[in-house]
Amino acid sequence: MKIDIFGLTIEELTEVLASKGLKKFRAKQVFQWLYQKSVFDFSAMHNLSKADIALLEEHFTVLPRQITILREQNSSDGLTSKLLLGLPDGNSVETVLMHHDYGYSVCVSSQVGCDMHCAFCASGLKGAVRNLTAPEIIAQVYLFNERLRKKNEQALQQSLQQAATQAATQKAQQTQPASANKQNKQGKPDMVSRVVVMGSGEPMLNFDEVLGALDFFHREDTCFMSYRSMTISTCGIIPGIQRLAEQGKPINLAVSLHAVRNDLRTSLMPVNKGFPFVDVIAAAEAYSEAGGRQVTYEYILLKNKNDSVQDAELLSNYLRYKHASVNLIPANPVPEQGFERPSKAAIERFVKILQKNRISVTVRKEMGKDIDAACGQLRAKFAKEQEQK
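A quick note: this is a predicted structure, and the numbers were derived from the prediction, not measured.

Q: Now, about helix α1 (residues 10-18): what can you tell me, with residues and values included?
A: Within α1, burial applies to I10, L13, V16 and L17. Seen along its axis, α1 keeps its buried residues to an arc of 125°; they face one direction. When the buried face of α1 is taken as reference, the exposed residues oriented beyond 90 degrees from it are E11 and E15. The inward-facing, buried residues of α1 contact β1 (3-4), α2 (24-35), α3 (50-59) and β2 (60-61).

Quick look at the structure:
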């Protein structure tokens, strides 16, 4: 049986490859191909010998090559891409790439499905199947890095062709246009620079694998991503928030709050029965005090549910004097649950009340509104299609 090497550290990879007779320097080369160049086919690792490539192909697999793209949706503005990934065991998860002014971020899933059963979310319609492994979380980012690499290579090829044409007609021109190679301001090829664990699943119920993936992204020999560029979003699993504080890493914490009336929050988020929102806010504030990081409270606005003047005033009261900000999320309609998006006037009213009460507030920039952008929607649609066959 072949061994999958994706997600191993350089030390682990060296040991595994050595067990099949490969020299230490080969492990370093393979590691660089995988995590610095986002190349997952052994045959494309051009500095390896044919014999070593054959040995690798005989004994090892690379997870991104075992994953199939079941569905892909791209927004009309070209800024959002959502993939439904088919895992080797037959399960599926969603992941989303978003292009912002500051670069690329990926929203990763932490579980197959979700057991939180939030009323407005499609991820929990059929519960959680299993936790994702750290390599399965890492692969969600690297599949997009591979796509960005290929996009960069195509752009570079086009710019070289343009330069050759220009050189033929104007010999005095010696350099290619700086803007033609689709690189960032530092001259490095575009790649994912931020990760948000806000996809399907509750990250705090898969704590070790999620932290393992984030630690991997942080490594200097992989993405070298700052912990400050990572965010974990939780429904309010207090033990997980406390464990995260104990890590001492400046990872951003986001809390899915969505209501500040106990009866309403419990109806929207059953987790409120076990972890009441008042206690969750206290735990989040303790996390903020321990690491100095501002906590973001996510608040999905649902028409005639939690978007009233009273709701805005209550939210202000609970967060006043906290090191916190509110991220308002006008609901992406979930047909399975019957929730609607508030009017523009209702959203603006809510914002003004928070601002009046000196609560830092933003309205999430809508990305992927024209695709199945809400968590779990694409997976739910695919499952329904399969059932109808």
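Additional details are given in the paragraphs that follow.
Q: A description of the side chain of S38 should follow, citing residues and the corresponding values.
A: Within the secondary structure layout, S38 lies in the loop between α2 and α3. A residue is classified by how much of its surface remains accessible, and S38, at 5% relative accessible area, is buried.

Q: Please give an account of the environment of V16 that cites residues and values.
A: Tracing the backbone through its elements, the reader meets V16 in helix α1. Sequence spacing of V16 and I3 is 13 residues, and the spatial spacing of their C-alpha atoms is 8.8 Å. Those residues in contact with V16 that lie beyond four places of it in its chain are I3, I5, L8 and F60.

Q: Describe the sheet that holds strand β6 (residues 103-107), listing the residues and the values that go with them.
A: Across the sheet, ten strands lie side by side as β3-β4-β5-β6-β9-β10-β11-β12-β13-β14; this open sheet has mixed pairing. The open sheet has two edge strands with one neighbour each: β3 (68-74) and β14 (360-363). Sheet twist, expressed as the average angle between the axes of neighbouring strands with direction ignored, equals 25°. Relative to strand β12 (residues 295-301), helix α9 (residues 277-291) is tilted by about 145°, and along the sheet it contacts β11 (252-256) and β12.

Q: I'd love a proper account of the pattern of salt bridges, names of residues and values included.
A: Opposite charge on two side chains lets them pair, provided their charged atoms get close. Taken as a whole and judged by the stated rule, the model has 17 salt bridges. Put simply, D208 and R243 hold a salt bridge, and the shortest N to O gap is 2.8 Å. Taken together, the residues D208 in helix α6 (residues 207-218) and R243 in helix α7 (residues 238-247) connect sequence positions 35 residues apart. For D208, a relative accessible area of 51% corresponds to the exposed category. Several salt bridges share partner residues, and in doing so they unite D41, R65, E146 and K150 into one network.

Q: Please give an account of the packing of α1 against α2 that cites residues and values.
A: Interhelical geometry of α1 versus α2 gives an angle of 130° and a closest axis separation of 9 Å. Between α1 and α2, the interaxial angle falls into the category oblique. When the axes of α1 and α2 are compared, the crossing they make is right-handed. The segment α1 lies against α2, with I10, L13, T14 and L17 engaging K24, A27, K28, V30 and F31.

Q: Quick one: what's the story with the packing of aromatic side chains, residue by residue and with numbers?
A: A complete count under the given rule lists eight aromatic pairs for this structure. An angle of 75° between the planes, with centres 5.6 Å apart, marks the rings of Y35 and Y142 as edge-to-face. With Y35 in helix α2 and Y142 in helix α5 (residues 134-169), this pair connects stretches of sequence that are 107 residues apart. Classification of Y35 as buried rests on a relative accessible area of 1%. Ring geometry for Y299 versus F350: centroids 5.2 Å apart, planes at 35°, classification tilted. You can see Y299 sitting in strand β12 and its partner F350 sitting in helix α11 (residues 344-356), a full 51 residues away along the chain.

Q: So what's going on with the pairing of strand β13 (residues 324-330)? Residues and values would help.
A: Counting buried residues in β13 gives seven out of seven residues, a clear majority hidden from the surface. Judged by which residues are buried, β13 turns out to be covered on both faces: A324, V326, L328 and P330 on one side and S325, N327 and I329 on the other are all buried. One ladder, built from seven bridges, connects β12 with β13; its direction is parallel. Looking at β13, one finds that Y299 is bridged to L328. Each parallel crossover has a hand, and the one from β12 via helix α10 (residues 309-319) to β13 is right-handed. Sheet topology places β13 next to β14; four bridges connect them, and they run parallel. Looking at β14, one finds that V326 is bridged to V361.

Q: An account of the environment of R147 is needed here, citing residue identities and associated values.
A: Here R147 is to be found in helix α5. Classification of R147 by relative accessible area gives partly exposed; the value is 32%. Residues R147 and S38 lie 109 residues apart in sequence; the distance between their C-alpha atoms is 8.8 Å.

Conventions adopted
Residues numbered from 1 in each chain as written. Predicted model: local features only at pLDDT ≥ 70, side-chain atom pairs only at ≥ 80, totals over all residues. Heavy atoms only, no water. Buried < 20%, exposed > 50% of the residue type's maximum accessible area, 1.4 Å probe, protein only. Helix = DSSP H or I, 4+ residues; strand = E, 2+ residues; numbered from the N terminus. Arc of directions from axis to C-beta. Contact = heavy atoms within 4.5 Å. Pairing = 2+ DSSP bridges. Axes fitted to C-alpha atoms, helices over the stretch in contact; angles between N-to-C directions. Salt bridge = Lys/Arg side-chain N within 4 Å of Asp/Glu carboxyl O. Parallel < 35°, antiparallel > 145°, perpendicular 65-115°, else oblique. Left-handed = near helix turned anticlockwise from the far one by under 90°. Phe/Tyr/Trp six-rings, centres within 6.5 Å; stacked < 30°, edge-to-face > 60°. Right-handed = clockwise from strand over helix to strand, strands pointing away.

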